[in-house]
Amino acid sequence: MFERKKANDELREKEWSACLLTQFSLGQYAQTLIRLKSQFLDGVKGNSDRHLIIKHVSFDDRLPEIDINSLGFILTTKEPDLLNRIQNAFSNCKSAIDSVKERNVQYRHVASLAELIQNPSGDHQYKLPEIEVKLLSDFTDNMYEQIDYTMNMLPETQKALHDFIKANFKGKHALKMIDIHKN
């Protein structure tokens with residue numbers, strides 16, 4: 001009986017730890033998205049030339065993965081849909097990060113096609129292929145949409161996971177959530 005209780009306690013510790021690691025991972029994505037918005041996107045959000053104003057968006061994309069298998073126990077609780085919400089939030093976070101990377105690739109491509117021309121007045125300016133500029137604009141719009149969508153849906157999942165931990169692991173702490181709407 002003692003061994004069974006010990007094994008059960010160890011299992012509960014692993015489940016709690018998996019939830020905390022998931023909170024940590026989602027928090028890292030939230031912090032990265034906050035930094036991207038504040039450093040690169042917010043200042044030119046309403047500008048129609050934002051696709052040309054925003055240069056290469058630099059950030060550390062080494063973000064932690066979420067181990068969905070370690071969260072499988074959630075399916076046996078009163079809130080089995082939480083696992084789906086976590087998976088969707090994680091997928092959206094990755095899509096938001098990927099949209100920035102894809103936009104960076106398109107920006108580098110457009111920049112490589114730029115031709116320096118001299119106007120009759122002696123000024124220099126760059127000429128860019130219109131179709132490539134349009135694609136850059138589309139990639140930029142997609143980046144904004146993906147990040148905004150993710151930042152709007154992420155707090156609900158973070159709160160649901162926080163509440164789940166508090167309800168299912170009595171006496172254990174949950175990580176503090178990041179309020180991404182204040183930033």
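All of these numbers come straight from a predicted model, not from anything done at the bench.

A.B. asks: Outline the state of the cysteines, listing residues and values.
C.D. replies: Taken as a whole and judged by the stated rule, the model has zero disulfides. Note on Cys 19: no disulfide assigned, nearest cysteine sulfur contributed by Cys 93 at a separation of 17 Å. Cys 19 sits in the buried class, given a relative accessible area of 0%. According to the relative accessible area criterion, Cys 93 is buried, its value standing at 0%.

A.B. asks: Explain the environment of Gln 158 residue by residue, including any values.
C.D. replies: Residue placement: Gln 158 occurs in helix α4 (residues 130-168). Distance from Gln 158 to Glu 145, taken between C-alpha atoms, is 20 Å for residues 13 residues apart in sequence.

A.B. asks: An account of the confidence of the model for the chain is needed here, citing residue identities and associated values.
C.D. replies: Predicted confidence across the chain gives a mean pLDDT of 93, with 97% of residues reaching 70 or more. Mean pLDDT values for the elements of the chain range from 76 in strand β1 (residues 115-118) up to 97 in helix α3 (residues 81-113).

A.B. asks: A description of the nonpolar core should follow, citing residues and the corresponding values.
C.D. replies: Residues Cys 19, Leu 71, Ile 74, Ile 147 and Ile 165 are the most contacted members of the largest nonpolar core, which totals 40 residues. The set of elements that each furnish at least two residues to this core consists of α1 (2-41), α3 and α4. At eleven residues, the largest contribution of residues to this core is made by α1. The residues touching Cys 19, leaving out its near neighbours within four places in the chain, are Leu 71, Phe 73, Leu 161, Phe 164, Ile 165 and Phe 169.

A.B. asks: Tell me about the packing of α1 against α3, residues and numbers included.
C.D. replies: The interhelical angle for the contact between α1 and α3, taken along N-to-C directions, is 30 degrees, at an axis separation of 11 Å. Comparing their axes, α3 and α1 come out roughly parallel. In the packing of α1 onto α3, the handedness of the crossing is left-handed. Along its contact with α1, which presents Thr 22, Leu 26, Tyr 29, Thr 32, Leu 33 and Leu 36, the element α3 presents Ile 86, Ala 89, Phe 90, Cys 93, Lys 94, Ala 96, Ile 97 and Val 100. The residue inventory of the contact of α1 with α3, partitioned by class, reads eleven nonpolar, two polar and one charged.

A.B. asks: Residue-level account of the pattern of salt bridges, with values.
C.D. replies: Within the structure shown, the criterion is met by twelve salt bridges. Close ionic contact of Arg 12 with Glu 15 constitutes a salt bridge, the shortest N to O distance being 3.0 Å. Highlighted residues: Arg 12 and Glu 15, both in helix α1, separated by three residues, approximately one helical turn. The class for Arg 12 is partly exposed, based on a relative accessible area of 31%. By relative accessible area, which is 11% here, Glu 15 ends up buried. With a closest N to O distance of 2.7 Å, Lys 134 and Asp 138 form a salt bridge.

A.B. asks: Kindly report on the packing of aromatic side chains, identifying the contributing residues and their values.
C.D. replies: Two measures describe an aromatic ring pair: the distance that separates the ring centres and the angle between the ring planes. Taken as a whole and assessed by the stated rule, the structure comprises four aromatic pairs. With a centroid separation of 6.3 Å and an interplanar angle of 75 degrees, the aromatic rings of Phe 73 and Phe 169 are classed as edge-to-face. You can see Phe 73 sitting in the loop between α2 (50-53) and α3 and its partner Phe 169 sitting in the segment after α4, a full 96 residues away along the chain. For the residue pair Phe 73 and Phe 169, the accessibility class agrees, reading buried in each case. Put simply, the rings of Phe 73, Phe 164 and Phe 169 touch in pairs and so form one group of aromatic residues. Positioned above the aromatic ring of Tyr 144 is the side chain of Arg 50, whose terminal nitrogen or guanidinium carbon lies 3.8 Å from the ring centre. Positioned above the aromatic ring of Trp 16 is the side chain of Lys 172, whose terminal nitrogen or guanidinium carbon lies 4.6 Å from the ring centre.

Conventions adopted
Residues numbered from 1 in each chain as written. Predicted model: local features only at pLDDT ≥ 70, side-chain atom pairs only at ≥ 80, totals over all residues. Heavy atoms only, no water. Disulfide = S-S within 2.5 Å. Buried < 20%, exposed > 50% of the residue type's maximum accessible area, 1.4 Å probe, protein only. Helix = DSSP H or I, 4+ residues; strand = E, 2+ residues; numbered from the N terminus. pLDDT = per-residue confidence, 0-100. Core = buried A, V, L, I, M, F, W, Y, C linked by side-chain atoms within 4.5 Å. Contact = heavy atoms within 4.5 Å. Axes fitted to C-alpha atoms, helices over the stretch in contact; angles between N-to-C directions. Parallel < 35°, antiparallel > 145°, perpendicular 65-115°, else oblique. Left-handed = near helix turned anticlockwise from the far one by under 90°. Nonpolar A, V, L, I, M, F, W, Y, C, P; charged D, E, K, R; others polar. Salt bridge = Lys/Arg side-chain N within 4 Å of Asp/Glu carboxyl O. Phe/Tyr/Trp six-rings, centres within 6.5 Å; stacked < 30°, edge-to-face > 60°. Lys NZ or Arg CZ within 6 Å of the ring centre and 35° of its normal.

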